[in-house]
Amino acid sequence: MSSVAVNPSLGLRFAIRSAAPLHPCVLAEKRNLGGKDGPPHLVAVVPLHGAAAVPDALRLLQSQDGAAVRSSDGGAAGFVLLCPRLKQRWRFVVAQAGDLHAVLDLAKVADSLLFLLDPVEGWDSVGERCLSCLFAQGLPSFALAVPGGTDLPPKKRLDAKKKLAKAVEKRFPEAKLFPLNAEPESSLLLRHLAAQRQRRGAFRARRAHLLAYAAHFVPGHESPLLGTLKVSGFVRGQALSVNSLVHIVGHGDFQMSQVEAPPDPLSLNPRVVKGQKRSQDMDIQDDSLNGADEMEEDVKVLMKADASKQESLQSEVVPDPMEGEQTWPTDEELKEAEASLKANRKVVKVPKGTSKYQAAWIVDEEEDAEEDEEEEEDDDMDDMMEEAASQEEEGSEEEEELAEEECETMTVSECVRDEHYDEKMEEDEEQMLERYKQERMDEMFPDEVDTPRDVPARVRFQKYRGLKSFRTSPWDPKENLPRDYARIFQFQDFSRTRKHIFRQIEKEEAEGASVGWYVTLHVCNVPVSVMESFRDGRPLVLFTLLPHEQKMSVLNFLVRRHPSNNEPVKAKEELIFHCGFRRFRASPLFSQHTSADKHKLERFLRPDAALVVTVYAPITFPPASVLLFKQRSNGKLVNVATGSLLAVDPDRIVIKRLVLSGHPFKIFTKTAVVRYMFFNREDVMWFKPVELRTKWGRRGHIKEPLGTHGHMKCHFDGQLKSQDTVLKRVFPKWTYDPYVPEPVPWVRDETVPLAQDVELD
């Protein structure tokens, strides 16, 4: 047996060389975080189990040698920890796992997340739902702590520790568990939080943002319901300019009147108040009184809004009803149209008596074969795109195992009669059963509808058109647009505008309050409900907007149905969107994700494919994650889909496809008499130019109607079963609403629902 000598120093040198040095900007940002020149290290504490010892964990974090503890003035519950010995300062904010809005809002701005686990079970069903939403939105830096467990017997404690470590390894690969039962363990956890690598979402790295530390509302002169909100906090992300717009998460977009620089209340040295660095490019106005105490700094006005440079709050275009007036074409335009028609003409053999319009729908056999090959290639391309669009979700196997926990229970006492329970559930059960039936029918017979007998088909389907080929037939994206399209904004080249704005952020130094400064923002025309929400203990999160992000347009999201959701989600049903830093309600459209210029509408959110969701919403520049929630009648939120922002494109054509089915009454070699597709002679003549297709790939056309009851003679290229296809373009409804009601917090629910099968007659 041969042996190989290994030089340990060689391996050490290789490891040192392979570790790439940090960028100077990244290194400076990491050093400033939590220090005297940067914002406090913001840690969101999220208990993932109802039995997690949260008070004991917070008490241990506060018991540091020589550290000062200060309670927050308002907003989310928590405290501030100032540790001069470590030259660090932390702000801990506690969020309950059942309050999804608060958890997701804090995760948007937090530097680190501290998950508190139960020593025996780890996390419950509420914690699992919270984790799945956080993974879909984008998880920042995190740490896992296990408080408690000292009361267990030594043998059970060891077994519980092994079981918990195994569960954590599946859900959090390469994560370390920190016991939290003594002061040295809390010090070790704090050092880990301060030294770990920071992971931040891309949408917040390019925008200035802050979590409110204090807030004060000044009512306006015209109405006490509107006024100026003075929000104080530490600037994060980018420099903050007073002329940019600010978005208060869950409440809307607003303008700022001025930015002030009050004394830093969280200075590491309580005797010397930290001052703000004066910028050479701005004039700092001193509005405070002279003769102030040397131990205090006066409030300085850093910037006041400039009306000529300030961004406008206009989000919609005021349409001009006379803008669409048509004028008679000129002689030059008529000659160009005739020349283009002559160039596109071709000779085709048609039956006698066929009009020019009908002849345009007759397909040659050579074109037929070429189009079949192109459709096969297009199907392969669609499959490849669906595989490429599938999003990688961490821990998807565990989510599928726990998907059956997605249910709700009602606690009914023994003295309550079953009749009362049935009264509350009867209406919801009937609606849910009807949706299950509709989803199953749409899956079994996609796009098929019955021709109405009381209304002529030419009237019922007058907004539809027949397409020779769904993929290759032309469809002008500017044709027959709804009135709502006159209210939105559209980019000439969205990708180029996005790159230009991001390049400006990287190269140009923005004027304003620098990262780490403690500032007070004067936000104008804010409703008093924002202050009431802050007083109720909810986090107040602010983001500055990039240019054009206050304007309305058509947003397209690429999403995939969440594994834990088994309820049918119908198109145009109101959903709650968490898109980047925004939260709003809208009724979306679902369509297929393909590379073609036309995309087929889907009536339900498919569980086995990635779909595109289309809504009217304010412009947001990707990358940005998106979470779709459905609010049940009892107020609870259900995560129905996750994904990302695809593009801002009003020209994306979404086509609603309908299939009219007929029954072959008499079949000959290549002709057949078809009935039950139409019920009068006029409808047959109306749809005569539309090409017929069968489920087995046969193609044909209507030759002539027979009688007055809708029978028709059809000619095919083989023996058949016939269908007819008509299509129309659909648009989303203007249902955008920036106000999202607060949901009912989730409670622990460990019951397993029965399989839901629907019997169809």
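Keep in mind it's a predicted model, so treat the numbers as computed, not measured. (Residues numbered from 1 in each chain as written. Predicted model: local features only at pLDDT ≥ 70, side-chain atom pairs only at ≥ 80, totals over all residues. Heavy atoms only, no water.)

### Focus: the overall build of the protein
Filter applied, for reference: Strands here mean DSSP runs of E at least two residues long; helices mean DSSP runs of H or I at least four residues long; both are numbered from the N terminus. The rule is simple: take the accessible area with a 1.4 Å probe, protein chains only, and divide by the maximum for that residue type; under 20% is buried, over 50% is exposed, in between is partly exposed. Any two residues having at least one pair of non-hydrogen atoms within 4.5 Å are treated as being in contact.
Helix and strand counts for the protein stand at 17 helices and 33 strands. Taken across its 761 residues, the protein has 45% of its residues classed as buried. Contacts in the protein between residues far apart in sequence, at least 24 positions, make up 78% of those at least 6 positions apart.

### Describing the nonpolar core
Here is the rule: Nonpolar core, defined: a set of buried Ala, Val, Leu, Ile, Met, Phe, Trp, Tyr and Cys residues in which side-chain atoms within 4.5 Å join the residues together.
One finds Leu113, Phe115, Leu117, Leu134, Phe172 and Phe629 to be the most contacted residues of the largest nonpolar core, which totals 46 residues. Considering every element that reaches this core, the biggest residue donor is helix α5 (residues 125–137), with seven residues. In this structure Phe115 touches Val46, Leu48, Leu131, Leu134, Leu139, Phe142, Ala143, Leu144, Ala145 and Phe172, once residues within four positions along its chain are discounted. Counting residues in hydrophobic clusters, the runner-up holds 36 residues, among them Phe491, Ile501, Met552 and Phe590.

### A word on the confidence of the model for the protein
As a reminder, the rule being used: The pLDDT value tells you how sure the predictor is about a given residue, anywhere from 0 up to 100.
Model confidence for the protein is summarised by a mean pLDDT of 76, while 72% of its residues fall at 70 or above. Ranking the helices and strands of the protein by mean pLDDT puts strand β11 (residues 246–248) first, with 93, and helix α1 (residues 8–18) last, with 38. Under a pLDDT of 50 for its full length, residues 272–297 has, in the predicted model, 45 contacts with residues more than four places off or in other chains. In this model, residues 365–421 is a region of pLDDT below 50 whose contacts with residues beyond four sequence positions or in other chains number 81 contacts.

### What to know about the pairing of strand β20 (residues 575–579)
As a general feature of sheets, a regular strand has side chains that alternate between the two faces. Heads up, the rule is: Criterion used throughout: strands pair if DSSP finds at least two bridges between them.
The buried fraction of β20 is high, at five of five residues. Here β20 shows two buried faces, one formed by Leu575, Phe577 and Cys579 and the other by Ile576 and His578. Both β20 and strand β25 (residues 625–631) contribute to a ladder of four bridges, which runs antiparallel. Looking at the pairing, Cys579 lines up with Val626 of β25.

### With respect to empty space enclosed by the protein
For clarity, the threshold we go by: Buriedness of a pocket was judged along seven lines, with at least five required to meet protein on both sides within 12 Å; pockets are open sets of points on a 1 Å grid over the protein atoms alone, cavities are sets where a 1.4 Å probe fits but cannot get out, and lining residues have an atom within 4 Å of a point. Grid points are joined across faces, edges and corners, and a volume is the space filled by probe spheres set on the points. Three residue categories are used. Nonpolar comprises Ala, Val, Leu, Ile, Met, Phe, Trp, Tyr, Cys and Pro, charged comprises Asp, Glu, Lys and Arg, and polar comprises the others, including Gly.
For the structure on display, the rule yields four cavities of 30 Å³ or more. If you add up the space inside the second largest cavity, you get close to 80 Å³. Lining the second largest cavity we find Pro40, Leu42, Arg91, Leu211, Tyr213, Gly233, Phe234, Arg236 and Leu266. Residues of the lining of the second largest cavity, tallied by class, amount to six nonpolar, one polar and two charged.

### Observations concerning the sheet that holds strand β8 (residues 209–211)
Operational definition: To define axes, lines are fitted to C-alpha atoms, for helices over the stretch in contact only, and angles between the resulting N-to-C directions are given on a 0 to 180 degree scale.
In spatial order, the strands read β8-β18-β11-β12; together these four strands make up an open sheet with antiparallel pairing. Edge strands, defined here as strands with exactly one partner in the open sheet, are β8 and β12 (252–254). Between one strand axis and the next, the sheet turns through 25° on average, direction left out of account. Relative to β12, β11 runs antiparallel, the two being bridged by three bridges. Of the residues in β12, the one forming a bridge with Ile248 is Gly252. In this fold helix α4 (residues 100–109) packs onto β8 and β18 (541–544), with an angle of close to 45° to the strand it touches most, β18.

### Some details on the pattern of salt bridges
As a reminder of what qualifies: Whenever a carboxyl oxygen of Asp or Glu lies within 4 Å of a side-chain nitrogen of Lys or Arg, that contact is scored as a salt bridge.
The final tally for this structure, using the stated rule, is 21 salt bridges. One salt bridge connects Asp111 with Arg236, and the closest N-O pair in it is separated by 2.8 Å. Placement of the pair is Asp111 in the loop between α4 and β5 (112–116) and Arg236 in the loop between β10 (226–234) and β11, with a sequence separation of 125 residues. Arg236 matches Asp111 in its accessibility class, with the two residues each being buried. The salt bridge involving Arg585 is made with Glu574; its shortest N-O contact spans 3.8 Å. Residue Arg585 is found in strand β21 (residues 582–586), and its partner Glu574 is found in the loop between β19 (552–561) and β20; the two are separated by 11 residues along the sequence. Residue class for Arg585 comes out buried when judged on its relative accessible area of 16%. According to the relative accessible area criterion, Glu574 is partly exposed, its value standing at 47%. The network of salt bridges with shared partners includes Glu567, Glu573, Lys630 and Arg632.

### Re helix α15 (residues 494–507)
Heads up, the rule is: Each residue after the first adds 1.5 Å to the expected span of a helix. Our arc is simply the arc of the directions from the helix axis toward the C-beta atoms. In the analysis that follows, any N or O atom pair within 3.5 Å is treated as a polar contact, provided that within protein one partner can donate a hydrogen and the other can accept it, and provided that, for residues neighboring in sequence, both atoms belong to side chains.
Counted at 1.5 Å a residue, the expected span for α15 with its 14 residues is 20 Å, and the 20 Å between its end C-alpha atoms agrees. Phe494, Thr497, Ile501 and Phe502 are the residues of α15 that are buried. Taken down its axis, α15 places every buried residue within 125° of arc, on the same side. For α15, exposure combined with an orientation more than 90 degrees from the buried face picks out Arg496, Lys499, Glu506 and Lys507. Of the surrounding secondary structure, the elements contacted by the buried residues of α15 are β26 (637–648). Of the residues that open α15, the one with a side-chain oxygen 3.4 Å from the backbone nitrogen of Ser495 is Asp493.

### Some thoughts on the pairing of β25
Where burial is concerned, most of β25 is hidden: six out of the seven residues are buried. For β25 and β26, the ladder comprises seven bridges, and the chain directions are antiparallel. For Lys630, the partnering residue across the bridge sits in β26 and is Val638. The turn joining β25 and β26, which pair antiparallel and follow one another in sequence, is formed by five residues; a positive phi near 95° is taken by Gly635.

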